[in-house]
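The primary structure of each chain is shown beneath.
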Amino acid sequence: MASASSLLYFGASAAALLFSAYRRGEVKKTKCKKVEVVIRLAQTQDLPQLLKLWRQYISFIGQSQSEQIETTTWERLLSDKEPSMFSIVAATEDGSVAGFANSVLTYNTSNIEKGLYLEDLFVDSRYRGQGIGKALIMDLKSKAEKRSLSRLFWVTEDDNYNAQKLYDKVACKSNYIQYNLKLEAGDK
């Protein structure tokens, strides 16, 4: 997992401009296979549900995380203090958070326009296979295209075959291999 602190910071105006629809509270109702969800910006009141899902996600990817990293991550995702980072959720009619997508605005050297890195995508096991992951990705895609971002990209574990089935339907696999070099000053 990339360290959130190692990612670039963009001014509040850039995030406000690029994702103003989320910030204004604009939501999109999406009918998935067995459930209707609302895709919207994650809110502070979602935090108890998000933390429960987050801990399942961290366990699923075989990681552990200190309370400090968890707290800092969600403070960044849920506030305007780090406007390049945000989280969207798929919420059911009763307000349950069925899944989340955490993203970071990035620059790249291939385009003038910014890109959007999908850092984390997770759907509650009770809602998997119903199209919620796809709905979250497609909502990010729609918002990114409306704001002329150059790309939406992500990585996945090489043995996460269920996720790859979805990703193969909505995106093209890159020919690149990711390398990570842990830095001594990194997250502890």
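This report concerns the structure included in the present document. Position numbers for residues start from 1 in each chain and track the written sequence from start to end. Selection of residues for local features in this predicted model requires a pLDDT of at least 70, selection of side-chain atom pairs for listing and counting requires 80 or more, and totals for whole chains, interfaces and linings are taken over all residues. Each side-chain value is worked out from all heavy atoms of the structure, with water and hydrogens disregarded.

## Looking at the packing of helix α5 (residues 132-146) against helix α6 (residues 161-170)
For any two helices packed against each other, one specifies the crossing angle of their axes together with the interaxial distance.
(1) Moving on: Every angle, taken between N-to-C directions, lies between 0 and 180 degrees, and every axis is a line fitted to C-alpha atoms, over only the stretch in contact when it is a helix. The numbering of helices and of strands both runs from the N terminus, where a helix is a DSSP run of H or I of at least 4 residues and a strand a run of E of at least 2. At a closest axis distance of 10 Å, the pairing of α5 and α6 adopts a crossing angle of 40°. With respect to α6, the element α5 is oriented oblique. In the packing of α5 onto α6, the handedness of the crossing is right-handed. Counted together, Gly133, Lys134, Ile137 and Met138 of α5 and Leu166, Tyr167 and Val170 of α6 form the full contact between these two elements.
(2) Moving on: Just so you know the grouping, Ala, Val, Leu, Ile, Met, Phe, Trp, Tyr, Cys and Pro go in nonpolar, Asp, Glu, Lys and Arg go in charged, and all remaining residues, Gly too, go in polar. Tallied by class, residues from the contact of α5 with α6 come to 5 nonpolar, 1 polar and 1 charged. Roughly parallel here means an angle under 35 degrees, roughly antiparallel means over 145, roughly perpendicular means 65 to 115, and every remaining angle is called oblique. With the far helix as reference, a near helix turned anticlockwise by less than a right angle produces a left-handed crossing, and one turned clockwise produces a right-handed crossing. In this description, contact between two residues means that some pair of their heavy atoms is separated by no more than 4.5 Å.

## Things to note about the packing of helix α3 (residues 47-60) against helix α4 (residues 67-78)
(1) Moving on: The N-to-C vectors of α3 and α4 enclose an angle of 130°; their axes lie 12 Å apart at closest approach. Put simply, α3 runs oblique to α4. Taken as a pair, α3 and α4 cross one another with a handedness that is right-handed. Only Glu70, Thr73, Trp74 and Leu78 of α4 make contact with α3, whose side of the interface consists of Leu47, Leu50, Leu51, Trp54 and Arg55.

## What about the pattern of salt bridges?
(1) Moving on: Within this document, salt bridges are pairs made up of a side-chain nitrogen of Lys or Arg and a carboxyl oxygen of Asp or Glu, the two lying within 4 Å of each other. For the structure on display, the rule yields 5 salt bridges.
(2) Moving on: Taking the shortest distance from any N to any O, the salt bridge between Arg40 and Asp46 comes out at 2.7 Å.
(3) Moving on: The class for Arg40 is buried, based on a relative accessible area of 14%.
(4) Moving on: Of the charged contacts in the structure, one is a salt bridge between Arg126 and Asp124, with a shortest N-O distance of 2.8 Å.
(5) Moving on: For Arg126, a relative accessible area of 57% translates into the label exposed.
(6) Moving on: When accessible area is computed with a 1.4 Å probe and restricted to protein chains, residues below 20% of their type maximum are described as buried, those above 50% as exposed, and intermediate ones as partly exposed. Its relative accessible area of 6% is what places Asp124 among the buried residues.

Limitation: the analysis is restricted to geometry and does not speak to function.
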